[in-house]
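Overview (structure and organization)
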Amino acid sequence: MFWDEKNEAMSRDEMQVLQLSRLQATLDRAYSKIPFYKKKFDDAGVKPAEIKTLNDLKSVPFTTKNDLRDNYPFGMFAEPLDDIVRVHASSGTTGQVTVVGYTATDIDTWAELVTRCIVLSGGTKKDIIQVAYGYGLFTGGLGLHYGGEKLGAMVIPMSGGNTKRQIQVMKDFGSTILCCTPSYALYMGEVAAEMGIDFKQLNLKAGIFGAEPWSESMRQEIEAKLNLKAYDIYGLSEVIGPGVANECEVQQGLHVFEDHFIPEVIDPDSGEVLGPGEQGELVITTITKEATPVIRYRTKDVTSLNFEPCACGRTHARMQRVFGRSDDMLIIRGVNVFPSQIEEILMSVEGTEPHYQIIVDRQKALDEVEIQVEVAADIFSDEIKRLAQLSGLIEQEIREDLGIGAKVTLVEPKTIQRSEGKAKRLVDKRDLAG
Ligand code: DLL
């Protein structure tokens, strides 16, 4: 099922014509209305009028999060504040926040794109959508909210937190779609079990989970525990919020809404554009956004693009599920590892629970990794010998699959902090150690 078949299934040729005209208009607007872009283009010797093909985009300079920070709060706005009807902000893990603005048209576009995401995840106007992403400056809550309303579904604006009440509402109102981070979905599963509520008796059919990396094994874990089909939704505030890409029923990558965004994957070191299937950093150019257009924005998210036709009938390119942010990539004795790859292994070992934390420290100039993972209560109360066997087995699988040595510590159930939003999987003590 499509929400907007004309735009979601247009031929590649039509798409490229549309993208080029929208790109040219965006470059003109950014150059004439945002001093930051004028200077950036001038410094690079690029004139918007010289961009005559999509391939020419390569010559346009990148935009980074630092650029947005330097222009805090409203320096990246292409429209006067009078015409801005909403702002959101993202804190990121470090430093100053970045602010993004929306005109009334941007809010409509955004709602339209999130509606597509819900339809891709099997939603219709008959659904009851529980939005448990945070409302506020974070884009998750209001993003899903407006998309659900545009679809004509019934939206329950729960926001994050208050987990027992979430479960009660889910049961009493008969929610059919749950929207939250995958780590929060798991936590809900745990709380429901404590409340004696069985998901088989609830009406949930789908989950629209995103805002943080999660592995395929985590998907299976959530689907089994919550008795629903779990879909991956991707987005970032600098670009629009949720609604940049979403999985369809085929679930082999997330369709990027290319009539609004041009995705590229680059080598993060050289900045060179990589081909389909090659893994690197995702770069996005918005081509319809009015208030805060971003040009070749470096997301730091690691993925690859696939332009092959999809069985669902959509022609939009698919991005592979995001492994993680390049910021979170660990380099352990020369080997690159993402937390989600460790997650994949932890989840595949019998006896572990889907709650873990990765602690990185530096000893004598070498990075050391400790992985704390919860195990089921019955295992934890077993003899020490069995626990040692299990941690030894996980260490061995990590060494064989990822090529790194890590110390695995099994911890008691419920000792790792639960998340109601984005989970903190990585604790980096290296800076503290100096
Ligand atoms: O997290 C927007 C969002 C809300 C997306 C609700 C999906 C659902 P930010 O707070 O600006 O915006 O964080 C954006 O989160 O660059 C990725 O690193 C990460 N991220 C978002 N979605 C996914 C996903 C929202 N599906 C940053 N898989 C992005 C992996 C994701 N990482």
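What you are looking at is a predicted structure, and each value in this text was computed from that prediction instead of being measured.

With respect to the site of the ligand
Of all residues adjacent to the ligand, which total 20 residues, the nearest are Asp232, Ile233, Ser237, Asp301 and Lys422. Ala211 is positioned such that a nitrogen or oxygen atom in its backbone is 3.1 Å from a nitrogen atom of the ligand. Interatomic distance of 3.0 Å between a side-chain N/O atom of Arg325 and an oxygen atom of the ligand. Contact with the protein chains removes 93% of the 610 Å² of surface that the ligand exposes when unbound. If you list the elements that add at least two residues to the shell around the ligand, you get helix H6 (139-151) and strand E7 (229-236). Residue composition of the shell around the ligand, by class: nine nonpolar, six polar and five charged.

Section: the sheet that holds strand E8 (residues 241-247)
As summarised here, the arrangement of the nine strands in space is E4-E3-E5-E6-E7-E8-E9-E14-E13, forming an open sheet in which the pairing is mixed. Pairing within the sheet leaves two strands with one partner each, and these edge strands are strand E4 (154-157) and strand E13 (305-306). As judged from the five bridges shared by strand E6 (residues 206-210) and E7, these two strands associate in the parallel manner. When the sheet's bridge partners are listed, Gly210 is paired in E7 with Ile233.

Thoughts on the domain arrangement of the chain
Under the domain assignment, the chain is made up of domain 1 (1-327) and domain 2 (330-433). Each partner contributes residues to the interface: domain 1 has 26 residues there, and domain 2 has 17 residues. Summed over both partners, the interface of domain 1 with domain 2 buries about 1800 Å², with 55% contributed by carbon and sulfur atoms. In this structure, Glu194 and Lys414 form a salt bridge, with 2.8 Å as the shortest nitrogen-oxygen distance.

What about the packing of aromatic side chains?
Under the counting rule described, the total for this entry stands at eight aromatic pairs. Measuring from ring centre to ring centre gives 4.9 Å for Phe36 and Tyr37, while their planes differ by 70°; the resulting arrangement is edge-to-face. With a centroid separation of 6.0 Å and an interplanar angle of 75°, the aromatic rings of Phe209 and Trp214 are classed as edge-to-face. On the accessibility criterion, Phe209 (0% relative accessible area) is buried. An aromatic cluster of three or more residues is present, and its members are Tyr31, Phe36, Tyr37 and Phe41. Geometry around Phe257 places Arg116 over its ring, the cationic atom sitting 5.1 Å from the centre. Of note, Lys289 hangs over the ring of Tyr102, and the distance from its end group to the ring centre comes to 5.5 Å.

Parameters at a glance
- Residues numbered from 1 in each chain as written.
- Predicted model: local features only at pLDDT ≥ 70, side-chain atom pairs only at ≥ 80, totals over all residues.
- Heavy atoms only, no water.
- Near = heavy atom within 4 Å.
- Polar contact = N/O pair within 3.5 Å; in protein donor to acceptor, adjacent residues only side chain to side chain.
- Areas by Shrake-Rupley, 256 points an atom, 1.4 Å probe, with all protein chains shown as cover.
- Helix = DSSP H or I, 4+ residues; strand = E, 2+ residues; numbered from the N terminus.
- Nonpolar A, V, L, I, M, F, W, Y, C, P; charged D, E, K, R; others polar.
- Pairing = 2+ DSSP bridges.
- Domains from an automatic or database assignment.
- Contact = heavy atoms within 4.5 Å.
- Buried area = accessible area lost by both parts, 1.4 Å probe.
- Salt bridge = Lys/Arg side-chain N within 4 Å of Asp/Glu carboxyl O.
- Phe/Tyr/Trp six-rings, centres within 6.5 Å; stacked < 30°, edge-to-face > 60°.
- Buried < 20%, exposed > 50% of the residue type's maximum accessible area, 1.4 Å probe, protein only.
- Lys NZ or Arg CZ within 6 Å of the ring centre and 35° of its normal.

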